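Each chain, letter by letter, is given below.
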Amino acid sequence: MHSKILFLFALFVILSLAACATNVDDRGVMVDPDKIKQIEIGKSSITDVSSVLGSPGATSTFGDLTWYYISQKTETWAFRKPKIKQQNIVIVHFDKGGIVQAIDYKDLNDADFVKTVDQTTPSSESQLTIMQQMLGNIGRFSGREGVNNGK
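Residues numbered from 1 in each chain as written. Predicted model: local features only at pLDDT ≥ 70, side-chain atom pairs only at ≥ 80, totals over all residues. Heavy atoms only, no water.

Chemist: Account for the overall build of the protein chain, with residues named and values stated.
Modeler: Tallying secondary structure elements over the protein chain gives 4 helices and 5 strands in all. Counting from the amino terminus, the protein chain carries its helices and strands in the arrangement α-β-α-α-β-β-β-β-α. Across the protein chain, the fraction of contacts at a sequence separation of at least 24, relative to all contacts at a separation of at least 6, is 45%. Accessible surface, the protein chain: about 12500 Å² in total, of which carbon and sulfur atoms supply 56%. (Helix = DSSP H or I, 4+ residues; strand = E, 2+ residues; numbered from the N terminus. Contact = heavy atoms within 4.5 Å. Areas by Shrake-Rupley, 256 points an atom, 1.4 Å probe, with all protein chains shown as cover.)

Next comes the structure, spelled out in structure tokens:
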């Protein structure tokens, strides 16, 4: 009996440690640096870039035609929020004719993180009790308003 309890305890410890293992995930479009060397500024077209690097993760909505190849390496430990360990962005700028004009690179050091605030805007209703809200509408509406009266 004692050996069964010891075995179950050891199994529990092993499974608990396995659940806390760090998970590393690669997300986005991982661009091979050797492939970027195949793109020539002033010569390569949109078609050339697409065949070498593939489809971009995002494109510009307004203004100049720009393609973004975004990749992230995140690490998650147990039940915690994923932490970004590495981020790379390759930005390809095209002219109006679809020819590459520039290639830029950004990494995690260039990122601007937005800090959110957990606050709510109070409203007059949030100050009322449930009973005040339920009884507050009594007498506010007459029985005939909004009724067509058959006319």
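Chemist: Now, about the nonpolar core: what can you tell me, with residues and values included?
Modeler: When a protein is soluble and globular, its nonpolar side chains tend to lie buried together. Counting 13 residues, the largest nonpolar core has I39, V49, L53, Y69, V90, V92 and V100 as the members making the most contacts within it. Looking at this core, the elements with two or more residues in it are α3 (46-53), β3 (65-77), β4 (83-94) and β5 (100-107). The residues contacting V92, other than those within four sequence positions of it, are V49, L53, L65, T66, W67, Y69, V100 and A102. (Core = buried A, V, L, I, M, F, W, Y, C linked by side-chain atoms within 4.5 Å. Buried < 20%, exposed > 50% of the residue type's maximum accessible area, 1.4 Å probe, protein only.)

Chemist: Please set out the packing of aromatic side chains residue by residue, giving values where relevant.
Modeler: Enumeration according to the criterion identifies 1 aromatic pair in this entry. With a centroid separation of 5.1 Å and 70° between ring planes, the pair formed by W67 and F94 is classed as edge-to-face. Pair noted here: W67 is in strand β3 and F94 is in strand β4, with a separation of 27 residues, a long-range link. The exposure class of F94 is buried, given its relative accessible area of 4%. (Phe/Tyr/Trp six-rings, centres within 6.5 Å; stacked < 30°, edge-to-face > 60°.)

Chemist: Quick rundown of the pattern of salt bridges? Include the residues and the values.
Modeler: On inspection of all chains with the given rule, the structure shows 5 salt bridges. Here D25 and R27 are joined by a salt bridge, their closest N and O atoms 3.8 Å apart. Note on R27: relative accessible area 41%, which makes it partly exposed. For K73, the salt bridge identified is with D26, shortest N-O distance 3.4 Å. Here the residue K73 occupies a position in strand β3, and D26 occupies one in strand β1 (residues 22-28), the gap between them amounting to 47 residues. (Salt bridge = Lys/Arg side-chain N within 4 Å of Asp/Glu carboxyl O.)

Chemist: Account for the environment of I103, naming residues and giving values.
Modeler: With respect to the helices and strands, the residue I103 is situated in strand β5. By relative accessible area, which is 16% here, I103 ends up buried. As for I103 and H93, which are separated by 10 residues in sequence, their C-alpha atoms are 6.2 Å apart. Those residues in contact with I103 that sit more than four places away from it in its chain are I36, I39, I41, V90 and I91.

Chemist: How would you sum up the environment of K85? Please name residues and give values.
Modeler: In this structure, K85 sits in strand β4. By relative accessible area, which is 43% here, K85 ends up partly exposed. In the structure, K85 is positioned 61 residues away from V24 in sequence and 9.2 Å away in space, judged by C-alpha atoms. For K85, the residues in contact, after removing those within four places along its chain, are K73, T74, E75 and L108.

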